[in-house]
Amino acid sequence: MYIIGELINGMYANIGKAINQKDKKEIQKCALEQIESGADALDVNCGPASKDAVNDIQWLVETIQEVTDKPLALDSSKPKVIESGLKVAKNKTLINSTTSDPEKLAILVPLAKQYNAKLIGITINAKGIPQNKDQRLEMAANIVAACLDHGFPAEDLYLDPIVMPVNVAQAQMRDILESIRDFKIISDPAPKTVVGLSNVSQGTLVRPLVNRTFLVMAAAYGLDAAILDPKDKDLMDAAITSDLILNKHIYCDSFLTAYRKK
Ligand code: THG
């Protein structure tokens, strides 16, 4: 499982404050803690309170790059903010994200190609969040088609079925899981899949348990990557053990420690 740490997000009070006060140490601490916990990449989101996200994202990217060269996932619904981050990002970057709207795809797929970035495509359009599996598959197919049109490789595309809170959309959970499996049949080579895991537990009382259970189930449906809190050790242990069960790394008695040293 490719782990994208979710904690550098202005929606968290400490990060929102650090962005406002240009407190590099707080951001760098958050970056390093996530990497030490096993994150392969870091999501970077200025959050709803940022008044100048075009500049704030550059400051965040430059601040994080002072302490790590892990890939960054530039997380914004505004293409201008993503492009601004791409301009200063030194290493392989993920664009998070394009929707399935033609106007968004027309900007973000060429941008991903130009910067040799990976691209997350979320199955949302101007009409909103899909209500069933067929709508998710249709939007996903539109995203894949746009990538193929522009010569952007499907293997560098991560399709996101949009995870909803289980207390809001309980009847959709099975569809979301099946979408993770079905997205793979859209093209050959197949696109990859990703979820924003913490969405599933928003507003629930036992968040870590809900997150962990959904992650293990999604892993069984073939999930490739997840945006999550890597500092949740039980969650990371479950992710690593799912990979073990799926034969992605070799068993040894100390597989949890061995994986973390990789
Ligand atoms: N798909 C993609 N990108 C995404 C998401 C997604 N990026 C943002 C988000 N969803 C993933 N990141 C988070 C980060 C935090 C939370 C959920 C998802 C979260 N935060 C606490 C809350 O809202 O209760 C905030 C706690 C606090 O304020 O301290 O749950 O789905 N591609």
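The structure under discussion appears in the preceding block.
Structure report, in brief. (Residues numbered from 1 in each chain as written. Predicted model: local features only at pLDDT ≥ 70, side-chain atom pairs only at ≥ 80, totals over all residues. Heavy atoms only, no water.)

Moving on, we get to unusual backbone geometry. Cis peptide bonds are those with omega within 30 degrees of zero, and the linkage from Asn 96 to Ser 97 qualifies with 20 degrees. The topology assignment puts Ser 97 in strand 4 (residues 93–98). The step from Asp 188 to Pro 189 runs through a cis peptide bond, and the omega angle for that step is 0 degrees. The residue Pro 189 is located in the loop between helix 7 (173–182) and strand 7 (192–196) in this model. With phi around 50 degrees, Lys 22 is a residue other than glycine that occupies positive phi space. In this structure, Lys 22 sits in the loop between helix 1 (13–21) and helix 2 (24–36). Here Asn 116, not a glycine, exhibits a phi torsion of approximately 55 degrees, which is positive. Relative to the helices and strands, Asn 116 resides in the loop between helix 5 (102–114) and strand 5 (118–122). Exposure remark for Asn 116: the relative accessible area of 52% places this residue in the exposed category. (Helix = DSSP H or I, 4+ residues; strand = E, 2+ residues; numbered from the N terminus. Buried < 20%, exposed > 50% of the residue type's maximum accessible area, 1.4 Å probe, protein only.)

Here the focus is the side chain of Ser 100. Within the element layout of this structure, Ser 100 appears in the loop between strand 4 and helix 5. When near neighbours in sequence (up to four residues on either side) are disregarded, Ser 100 contacts Leu 105, Ile 122, Ile 124, Asn 125, Met 139 and Ile 143. (Contact = heavy atoms within 4.5 Å.)

Turning our eyes to something else, we now look at the site of the ligand. Looking at the ligand, there are 14 residues lining it, with Asp 75, Asn 96, Asp 160, Asn 199 and Arg 207 nearest. Contact between the ligand and Asp 75: a nitrogen atom at 2.8 Å from a side-chain N or O atom of the residue. The side chain of Asn 199 places a nitrogen or oxygen atom 2.7 Å from an oxygen atom of the ligand. The protein chains hide 74% of the 660 Å² of surface that the ligand would expose on its own. For the ligand, the cavity whose grid points lie within 2 Å of the majority of its atoms is the largest pocket. When the residues that make up the shell around the ligand are grouped by side-chain class, the tally is five nonpolar, five polar and four charged. (Near = heavy atom within 4 Å. Polar contact = N/O pair within 3.5 Å; in protein donor to acceptor, adjacent residues only side chain to side chain. Areas by Shrake-Rupley, 256 points an atom, 1.4 Å probe, with all protein chains shown as cover. 1 Å grid on protein atoms, 1.4 Å probe; cavity = no way out; pocket = protein on both sides within 12 Å on 5 of 7 lines; lining within 4 Å. Sits in = over half its atoms within 2 Å of the grid points. Nonpolar A, V, L, I, M, F, W, Y, C, P; charged D, E, K, R; others polar.)

The next thing to look at is the sheet that holds strand 8 (residues 225–228). Here eight strands make up a closed barrel; going around it, the order is 1-2-3-4-5-6-7-8 and the pairing parallel. Mean inter-strand twist for the sheet, computed between neighbouring axes without regard to direction, equals 25 degrees. With two bridges connecting them, strand 6 (residues 157–160) and strand 7 associate as parallel partners. The partner of Tyr 158 across the bridge, within strand 7, is Lys 192. (Pairing = 2+ DSSP bridges. Axes fitted to C-alpha atoms, helices over the stretch in contact; angles between N-to-C directions.)

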